[in-house]
Amino acid sequence: MRPPPGPPGRIVLLNGTSSSGKSSVARSLLQTLDTPWFHLSVDAFGEMRALVRVPEADIDAMLARTRAGFHRAVAGMAAAGNDVVVDHLFSEPWRLDDCLTLFEPFDVVFVGLHCSAAELTRRELARGDRTPGQAAAQLALVHAHRRYDLELDTTALNADSAARIGAFLRSRPTGPTAFERLRVAHKRNGASCGQGVSPAGETDTMPA
C-alpha cells in the first residue's frame, strides 16, 4: 500500500568541516525533536561502498557519484514526507549547487557549524582515522558561500547546539531562507555559489 499523500518533509542541513561535530549534533537533535526525523549522513553513504580497490584514475568520479546519489536520497526521503537532519560537507562548489536545485521543493534550514582549527586538529588526532590538519584546510572551502539561517560554534561540543536548532525550528523568523537567497543568487549570476573555490587536495581518504 502506498502511503497517503501529504506535505513534503523538512530538511535541517548541517554543514561543517570534518570533525566539526555534525554527526554528534544531528544525533542530539533527534533526541530533542517531538516528531520522527531521520539522520542522513554523507559519511554513512560512503561507508556503504564495497571494500574493493578503485583505480586512482576513477576515484574522483566514483566519489562524485556517491555524493550526487546522497543528495538524491535526501530529496527522495523529503519528497515522501519524511523530515530529515542531514550532515554534509560542502568542500566542492558543485555539491551546494546540486542541493540548491534538488531541494527547491522543500523547507530547508541551513545550519553552519564552526569549530576552531586547533580543536579540529585535536579531534583528528584523538580519532586516529583522519589526517591531522585536513579539517582545518577545509574551513575556507566549506563556508565559502557565507550564508546560513543559523550558525553555531561547536568548538566546545555540548547539548546547546541541538537545543538552539530545536528552538529555531519552533520559532522561525520570517523572510527568505538562506537556501532561497543562495538559489536566487545562483540563478542570477549563472555561476557556482562557491565560485573561485577549488576542491584541490581531496583524496579517497578524505571524509566525504
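This is a predicted model, so every value here is computed, not measured.

(A) Focus on the overall build of the protein. The number of helices and strands found in the protein is eight helices and five strands. For the protein, the N- to C-terminal ordering of α and β elements is β-α-β-α-α-β-α-β-α-α-β-α-α. Within the protein, the fraction of its 208 residues that count as buried is 45%. Here the analysis covers contacts within the protein between residues at least 6 apart in sequence; of these, 81% occur between residues at least 24 apart. Element-wise, carbon and sulfur atoms account for 55% of the exposed surface of the protein, whose accessible area totals about 10800 Å².

(B) Here's a closer look at the sheet that holds strand β4 (residues 107–114). The five strands are arranged β2-β3-β1-β4-β5 in an open sheet whose pairing can be described as parallel. For this open sheet the edge positions go to β2 (37–41) and β5 (150–153), each flanked by a neighbour on one side alone. Pairwise comparison of adjacent strand axes, ignoring direction, gives a mean angle of 20° for this sheet. Seen against the sheet, helix α3 (residues 56–79) touches β1 (10–15), β2 and β3 (83–88) and runs at an angle of roughly 165° to β3.

(C) Region of interest: the pattern of salt bridges. Scanning the entire structure with this criterion turns up eight salt bridges. For R67, the salt bridge is made with E92, and the minimal N-O distance between the two is 3.5 Å. Here E92 lies in the loop between β3 and α4 (93–102) and R67 lies in helix α3, a separation of 25 residues in the sequence. With a relative accessible area of 3%, R67 lands in the buried category. Given the relative accessible area of 15%, E92 is considered buried. Overlapping salt bridges, with partners in common, bring together R67, E92 and R95 in one network.

(D) Summary view of helix α5 (residues 117–127). Those residues of α5 lying buried are E119, L120, R123 and E124. Along α5, the residues classed as buried sweep out an arc of 140° about the axis, all on the same side. More than 90 degrees from the buried face of α5, the exposed residues found are A118, L125 and A126. Buried residues along α5 sit against α6 (134–142).

(E) The arrangement of unusual backbone geometry in detail. Positive phi values are uncommon outside glycine, yet S19 reaches one of about 70°. Position of S19 relative to the elements: it lies in the loop between β1 and α1 (22–32). In this structure S19 comes out as buried when scored by relative accessible area, which is 7%. Its identity is not glycine, yet R146 carries a phi of approximately 60°, on the positive side. Checked against the element boundaries, R146 lands in the loop between α6 and β5.

Calculation notes
- Residues numbered from 1 in each chain as written.
- Predicted model: local features only at pLDDT ≥ 70, side-chain atom pairs only at ≥ 80, totals over all residues.
- Heavy atoms only, no water.
- Helix = DSSP H or I, 4+ residues; strand = E, 2+ residues; numbered from the N terminus.
- Buried < 20%, exposed > 50% of the residue type's maximum accessible area, 1.4 Å probe, protein only.
- Contact = heavy atoms within 4.5 Å.
- Areas by Shrake-Rupley, 256 points an atom, 1.4 Å probe, with all protein chains shown as cover.
- Pairing = 2+ DSSP bridges.
- Axes fitted to C-alpha atoms, helices over the stretch in contact; angles between N-to-C directions.
- Salt bridge = Lys/Arg side-chain N within 4 Å of Asp/Glu carboxyl O.
- Arc of directions from axis to C-beta.

Everything listed here is a matter of geometry and, on its own, says nothing about what the molecule does.
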